[in-house]
Amino acid sequence: MKGEKSIDYFEQAISIYEKLDDKMYLAYAHNSLGISHQNLDNLEEAKANFEATIVYSQEVGNKATYVNALHNLGALDIINQNYTLAKVNLVKGLEMAEAENLQLSKVNFYHELSKLYSSTNAYSK
């Protein structure tokens, strides 16, 4: 299956980056692996990979990847109907995106926040 093949490739990449102790690319690979897992409804694996992305992003000071992982976690929380945590992740990510002037990230956060408010019947927000 196509999605499962992407998981294999990302896991191979992670293995290489671990051997090289390349935390920057570990963050990228875990984020991509999380997306692949989410697309296959492996939601726990997706969450674990997004959380790993945050850890590695913090270690190397890559705020853009950290922001992206917060967005992905927030979207995953909406899928899991964990709306309180979704709001925490999305608002934190939006604040970081604004501070770093990451325009596309801001748009993505507004989009996810609109899904959150729609899911919780807070249409006026």
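Please refer to the structure higher up on the page.
Residues numbered from 1 in each chain as written. Predicted model: local features only at pLDDT ≥ 70, side-chain atom pairs only at ≥ 80, totals over all residues. Heavy atoms only, no water.

Peer 1: Talk me through the overall build of the protein chain; I want residue IDs and the actual numbers.
Peer 2: A tally of helices and strands in the protein chain yields six helices and zero strands. Secondary structure elements in the protein chain, listed N-terminal to C-terminal, are α-α-α-α-α-α. In summary, the protein chain has a C-alpha radius of gyration of 15 Å against a globular reference of 14 Å for 125 residues, a match within 12%. Viewed in the frame of its principal axes, the protein chain has a C-alpha envelope of about 50 × 35 × 20 Å. When each of the 125 residues of the protein chain is scored for burial, the buried share is 41%. Within the protein chain, counting contacts between residues at least 6 apart in sequence, those at least 24 apart form 48% of the total. Summed over its atoms, the accessible surface of the protein chain is roughly 7200 Å², and 51% of this surface lies on carbon and sulfur atoms. When the 11 positive and 16 negative side-chain charges of the protein chain are each reduced to one mean point, those points stand 6 Å apart. (Helix = DSSP H or I, 4+ residues; strand = E, 2+ residues; numbered from the N terminus. Rg over C-alpha atoms; globule rule 2.2 N^0.38 Å. Buried < 20%, exposed > 50% of the residue type's maximum accessible area, 1.4 Å probe, protein only. Contact = heavy atoms within 4.5 Å. Areas by Shrake-Rupley, 256 points an atom, 1.4 Å probe, with all protein chains shown as cover. Lys, Arg positive; Asp, Glu negative; His and termini not counted. Charge placed at Lys NZ, Arg CZ, Asp CG, Glu CD.)

Peer 1: Describe the side chain of Asn 72, listing the residues and the values that go with them.
Peer 2: Relative to the assigned elements, Asn 72 resides in helix α4 (residues 63–79). The class of Asn 72 is buried, set by a relative accessible area of 9%. Beyond its immediate chain neighbours, meaning those up to four positions away, Asn 72 contacts Asn 31, Ile 35, Gln 38 and Phe 50.

Peer 1: Can you explain the side chain of Asp 77? Please cite residues and give values.
Peer 2: With respect to the helices and strands, Asp 77 occurs in helix α4. Among buried Asp, Glu, Lys and Arg side chains, Asp 77 stands out as unpaired, with Lys 47 the closest opposite charge at 5.4 Å. (Salt bridge = Lys/Arg side-chain N within 4 Å of Asp/Glu carboxyl O.)

Peer 1: Lay out the pattern of salt bridges with the relevant residues and their values.
Peer 2: Summed over the entire model, instances satisfying the criterion amount to four salt bridges. For Glu 59, the salt bridge goes to Lys 23, with nearest N and O atoms at 2.9 Å. With Glu 59 in helix α3 (residues 43–60) and Lys 23 in helix α2 (residues 23–39), this pair connects stretches of sequence that are 36 residues apart. A relative accessible area of 28% means that Lys 23 is categorised as partly exposed. Put simply, Lys 47 and Glu 51 hold a salt bridge, and the shortest N to O gap is 4.0 Å. Remark: Glu 51 and Lys 47 occur in helix α3; sequence separation between them is four residues, near one turn of the helix. Lys 47 gets classed as partly exposed once you look at its relative accessible area, which sits at 29%. Judged by its relative accessible area of 37%, Glu 51 falls in the partly exposed class.

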